[in-house]
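Observations on the model geometry
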Amino acid sequence: MSTYVISDLHGQLELFNQMLDKIQFKETDHLYMLGDAVDRGPDGILLLKKVMGMKNCTFILGNHEKMLLDHYTDTDVDHETALKRWLRNGCEPTMRGYETLNDKEREAVIHFLEQAPLQLILDVNGKTFCLVHGAPCYENQEDYDPAEHLGHSWRDVFVWTRIGADETFEGPHVIIGHTPTAAYQMDKPCRIWHGKNVSDIDCGCAMLDMGGQLGCMRLEDMAEFYAAPKRTDN
């Protein structure tokens, strides 16, 4: 059995399938997806439906799924504000895909995302990891000050916050997505980044035209795997 983490696929179902083949993903393995399956790319809803059908995959909420929920459900965010934010973040392919679903399928997608965890702590081979989309939050929600985080609800600290390259985390090794690794390492912008007890696995599926690719890491030995689209030379 192997444990894998992956993040920020942004509708790239073909790359997801390519990665599953590359790592020879088996029923005895487990995959943790750290959010942002939807938006920007073409197949976010199809990707979500595939993940929903995988018993050995755990999905952690990302900010793009949070925007979907803010738009389609009764959350504590103003709907007009939520739509404007989502439109700025490439929601059109997701909306088109969602609108092709029947009522039962839409209900299943919403329920799946509403039940998705914001953060998980797990042990693999004696090492403890914290898996989260944007940034970890170990404090109680009552201690969270929304004014420090763009005025969003307390949940948004997990999905919207970006960590600094020099931040140090104590305790579990933190694994995030959300921020493309190019923000931390210009010399190898589309590879997994390792900071001070933190790793970022968002290798740029939202910017494939700029050399982005899909990154994946196996937690047992921190081995890295990559899947890139086939590129044609002009």
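Residues numbered from 1 in each chain as written. Predicted model: local features only at pLDDT ≥ 70, side-chain atom pairs only at ≥ 80, totals over all residues. Heavy atoms only, no water.

Attention now goes to the confidence of the model for the protein. For any part of a model where pLDDT is low, the fine detail of the predicted coordinates should not be relied upon. The predicted model of the protein has a mean per-residue pLDDT of 92, with 91% of residues at 70 or higher. Below pLDDT 50 for its whole length, residues 140-144 participates in 6 contacts with residues either more than four positions away or in separate chains. (pLDDT = per-residue confidence, 0-100. Contact = heavy atoms within 4.5 Å.)

All right, on to the nonpolar core then. Membership of the largest hydrophobic core comes to 57 residues, with the highest contact counts inside it found for Ile 6, Phe 16 and Met 33. At 5 residues, helix α1 (residues 13-22) tops the list of elements feeding residues into this core. Grouped together as the second largest cluster of nonpolar side chains are 15 residues, Leu 122, Phe 129, Ile 201 and Tyr 226 included. (Core = buried A, V, L, I, M, F, W, Y, C linked by side-chain atoms within 4.5 Å. Buried < 20%, exposed > 50% of the residue type's maximum accessible area, 1.4 Å probe, protein only. Helix = DSSP H or I, 4+ residues; strand = E, 2+ residues; numbered from the N terminus.)

With that settled, consider the pairing of strand β10 (residues 223-227). Within β10, 4 of the 5 residues are buried, which leaves it mostly tucked inside the rest of the structure. Note: strand β9 (residues 214-218) against β10, 5 bridges, orientation antiparallel. Across the sheet, the residue bridging to Leu 214 is Ala 227, located in β10. Linking β9 back to β10 in an antiparallel pair, the connection comprises 4 residues, with Met 222 at a positive phi of about 60 degrees. (Pairing = 2+ DSSP bridges.)

Before going further, it helps to spend a moment on the pattern of salt bridges. Oppositely charged side chains can form a pair if their charged atoms are brought close together. On inspection of all chains with the given rule, the structure shows 7 salt bridges. Salt-bridge contacts for Asp 70 lead to Arg 85; the nearest nitrogen and oxygen are separated by 3.9 Å. On the criterion of sequence distance, the pair formed by Asp 70 in helix α3 (residues 63-72) and Arg 85 in helix α4 (residues 79-87) is long-range, its members being 15 residues apart. Residue Asp 70 shares its accessibility class with Arg 85, and that shared class is buried. Residue Arg 218 pairs with Asp 221 through a salt bridge whose shortest N-O separation is 2.8 Å. Accessibility expressed as a relative area gives 44% for Asp 221, which makes it partly exposed. Salt bridges sharing partners connect three or more residues here, namely Lys 66, Asp 70, Arg 85 and Asp 156. (Salt bridge = Lys/Arg side-chain N within 4 Å of Asp/Glu carboxyl O.)

A separate point is the pairing of strand β2 (residues 30-33). Of the two faces of β2, both are covered, the one formed by His 30 and Tyr 32 as well as the one formed by Leu 31 and Met 33. Of the strand pairs in this sheet, strand β1 (residues 3-6) and β2 are connected by 4 bridges, and their pairing is parallel. The partner of Val 5 across the bridge, within β2, is Tyr 32. Since β1 and β2 lie parallel, the crossover through α1 that links them has a hand, and here it is right-handed. Sheet topology places β2 next to strand β3 (residues 57-59); 3 bridges connect them, and they run parallel. By the bridge assignment, Tyr 32 is partnered in β3 with Thr 58. Read as a crossover between parallel neighbours, the route from β2 over helix α2 (residues 44-52) to β3 is right-handed. (Right-handed = clockwise from strand over helix to strand, strands pointing away.)

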